[in-house]
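Structural overview for review
These are the residues of each chain, in order.
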Amino acid sequence: MKRTDDYKAKLKMWAAEGRVVSCPKAVGLPSFGSRRFSSGAEMNAWKKEFLAEIARNGGVQWTK
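Along each chain, residues carry numbers from 1 onward, in the same order as the chain's sequence is written. Owing to the predicted nature of the model, reporting of local features is limited to residues with pLDDT of at least 70; listing and counting of side-chain atom pairs is limited to 80 or more, with chain, interface and lining totals taken over all residues. The basis for the side-chain values is all heavy atoms of the structure; hydrogens and waters are excluded.

1. Quick notes on the overall build of the chain
The criterion, for reference: For helices the rule is a DSSP run of H or I covering at least 4 residues; for strands it is a run of E covering at least 2, with both sets numbered from the N terminus onward. This radius of gyration counts C-alpha atoms alone. The globule rule is 2.2 Å times how many residues there are, raised to the power 0.38. Here's how the labels work: a residue is buried when its accessible area is under 20% of the maximum for its type, exposed when over 50%, partly exposed in between, all with a 1.4 Å probe on protein chains only. For this analysis, residues touch if any pair of their heavy atoms sits within 4.5 Å. A 1.4 Å probe and the Shrake-Rupley method give the accessible areas. Residues count as covered only by the protein chains that appear here.
Helix and strand content of the chain: two helices and two strands. Secondary structure elements in the chain, listed N-terminal to C-terminal, are α-β-α-β. Over its C-alpha atoms the chain spans a radius of gyration of 19 Å, topping by over 25% the 11 Å that the globule rule assigns to 64 residues. Considering only C-alpha atoms, the chain reaches an extent of 50 × 30 × 20 Å along its principal axes. The proportion of buried residues among the 64 residues of the chain is 6%. Considering only contacts within the chain whose residues lie at least 6 apart along the sequence, 56% involve residues at least 24 apart. Accessible surface, the chain: about 6,200 Å² in total, of which carbon and sulfur atoms supply 56%.

2. Digging into the packing of aromatic side chains
Aromatic ring pairs are defined here through the distance separating the ring centres and the angle between the ring planes. Just so we agree on the cut-off: Ring pairs shown here join Phe, Tyr and Trp side chains whose ring centres sit within 6.5 Å, with only the six-membered ring taken for Trp; geometry is labelled stacked below 30 degrees between planes, edge-to-face above 60, and tilted in between.
According to the stated counting rule, one finds four aromatic pairs in the structure shown. Between the aromatic rings of Trp-46 and Phe-50, the centroid separation amounts to 5.2 Å while the plane-to-plane angle is 15°, which identifies the pairing as stacked. With Trp-46 and Phe-50 both in helix H2 (residues 40-56), this residue pair falls four residues apart, about one helical turn. On the basis of relative accessible area, Trp-46 is assigned to the partly exposed category, the value being 24%. Judged by relative accessible area, Phe-50 falls into the buried class, the value being 12%. Among the aromatic residues, ring-to-ring pairing joins Phe-32, Phe-37, Trp-46 and Phe-50 into one connected group.

3. Quick notes on the pattern of salt bridges
Here is the rule we go by: The salt bridge criterion pairs a side-chain nitrogen of Lys or Arg with a carboxyl oxygen of Asp or Glu, the two atoms within 4 Å.
This model, assessed by the stated rule, comprises one salt bridge. With a closest N to O distance of 3.0 Å, Glu-49 and Arg-56 form a salt bridge. Accessibility expressed as a relative area gives 57% for Arg-56, which makes it exposed.

The values reported here are purely geometric and, on their own, carry no functional implication.
This is how it looks when you write it as structure tokens:
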């Protein structure tokens, strides 16, 4: 069986590699906690305001 036909081939190759890769961290992201929304429209309004706040602060920088 070719690796392209195997559904889990990528995971097997990553597991065999054994290398740990650090994930980038976002700097400048405003803090936010757990929230519940009563509707999708309410969530989208919050998300729009959250993204506007990020833009006002100059965006987010990704670091290692």
